[in-house]
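# Topology and contacts: notes
Listed below, chain by chain, are the residues.
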Amino acid sequence: MISYNPKEWLSFIFYFHKGDTFRKLFWIMILIALYSAGIAYLELVYWNLSANSLIKNITIMHNMLGFVISLLLVFRTNTAYDRWWEGRKMWGALVNNSRNLAIKLSVMLTDNEDKEFFKKMIPAYASVLNLHLKMESISHELFDDKTLSQDHYKHKPNQIAKTMIQRINEMYKDGKITGDQLIILNAEIQSFTDICGACERIKNTPIPYSYSAFIKKFIFTYVLTLPFGYVFQLGYYVIPVVVFIFYVLASLELIAEEIEDPFGNDPNDLPTQKISENIQKNVEELIY
């Protein structure tokens, strides 16, 4: 995730980072410029159409559809941002729940071996969940002599949650914790699985294909028809105008595509790796 100062306007205007939409759309913008120049040449020079040509009235369509496309893009961006923000709330809840579990365990436990177990396992859950959501290879060592199973469990966060529940149940059987404490700790670990499920729902449920495809086709058709009518009013200046309109509309769609899946490695995705590292620091401070 990009860290920035929202008050530095000049850095926003003149600096292009690798995730900027201008870089992604550059060659398409060049093609749109050539296309607009070709339409302008055909209408003004080759066909020599007069200013009274009926083609000029095509701008009425753009005026009518401009409001519609604006509503669609606003809804698209807001929907994508809601997914991004929900993902952030889930990871914020994971931070709080990890702290709460660590605080309770630090008070309830007296055995150093049990403390060391949870001191490693709680941060391990956040770290493995980060890799799980990014669909990256997981080989996270929980102990010096034990590694996450590569065969038996495909879902690594579930494996860690099950391992913690097993340890808590063993402590209850050994009389190290009471039944009330067992219920409390069980609820805390259950919240980990709830958060994982919510993140997987965001990850595995994209915006419906038909909706996403329609917006792209709408933007493309809208932009390609712009030069036909506005060339009579703007002449060859229609080229930068059409390119700029395409840049604005396409950028909104690209931004929505990037933030609707907040668990990847794009510049605007959530800093889940950093959050998991902070969880490890917090847990190590609390359990000693």
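For the structure itself, look to the data block above.
This text gives an overview of the structure that appears in the document. In every chain, residue numbers begin from 1 and rise along the written sequence. Restriction of local features to residues with pLDDT of at least 70 applies here, the model being predicted, together with a cutoff of 80 or more for giving and counting side-chain atom pairs; totals for whole chains, interfaces and linings are based on all residues. Side-chain metrics in this entry use all non-hydrogen atoms of the structure; hydrogen atoms and water are not considered.

### Focus on the side chain of K203
- Per the convention used, a helix needs a DSSP run of H or I reaching at least four residues, while a strand needs a run of E reaching at least two, with both numbered from the N terminus. In this structure, K203 sits in helix α6 (residues 179-204).
- Contacts between residues were defined by any pair of non-hydrogen atoms, one from each residue, lying within 4.5 Å. Not counting the four nearest positions on each side in its chain, K203 is found in contact with L133, M135, D261 and F263.

### Some remarks on the nonpolar core
- In this text, buried Ala, Val, Leu, Ile, Met, Phe, Trp, Tyr and Cys residues form a nonpolar core when linked through side-chain atoms within 4.5 Å. A 1.4 Å probe rolled over the protein chains alone gives each residue an accessible area, and that area as a share of the maximum for its type sets the label: buried under 20%, exposed over 50%, partly exposed in between. One finds W91, L94, F118, I122, Y125 and M164 to be the most contacted residues of the largest nonpolar core, which totals 43 residues.
- Within the residue set of this core, elements represented by two or more residues are α3 (59-108), α4 (112-133), α5 (156-173), α6, α8 (238-259) and α9 (272-286).
- When residues no more than four places from it in sequence are discounted, the contact partners of W91 are A126, L129, N130, L133, C199, F263, T272, I275 and S276.
- Counting 24 residues, the second largest nonpolar core, distinct from the first, contains A40, I215, L224 and V231.

### Side note on the packing of aromatic side chains
- Only the six-membered ring of Trp is used, alongside the rings of Phe and Tyr, when aromatic pairs are assigned; centres must lie within 6.5 Å, and planes under 30 degrees apart are stacked while those over 60 apart are edge-to-face, with the rest tilted. Scanning the model with the defined rule gives nine aromatic pairs in all.
- Ring centres 5.7 Å apart and planes at 20° place the aromatic pair Y81 and W84 in the stacked group. Of this pair, Y81 and W84 both sit in helix α3, separated by three residues, roughly a single helical turn.
- The buried category is assigned to W84, whose relative accessible area is 12%.

### Thoughts on the packing of α4 against α6
- Contact geometry for α4 and α6: axes closest at 11 Å, N-to-C directions at 10°. Taken together, the axes of α4 and α6 lie roughly parallel to each other. Between α4 and α6, the residues in contact are I122, Y125, L129, H132 and L133 and F192, T193, C196, C199, E200 and K203, respectively. Only the stretch in contact is used when a helix axis is fitted, and all axes are lines through C-alpha atoms; the angle between N-to-C directions ranges over 0 to 180 degrees. Should an angle lie under 35 degrees it is considered roughly parallel, over 145 roughly antiparallel, and from 65 to 115 roughly perpendicular; all remaining angles are considered oblique.

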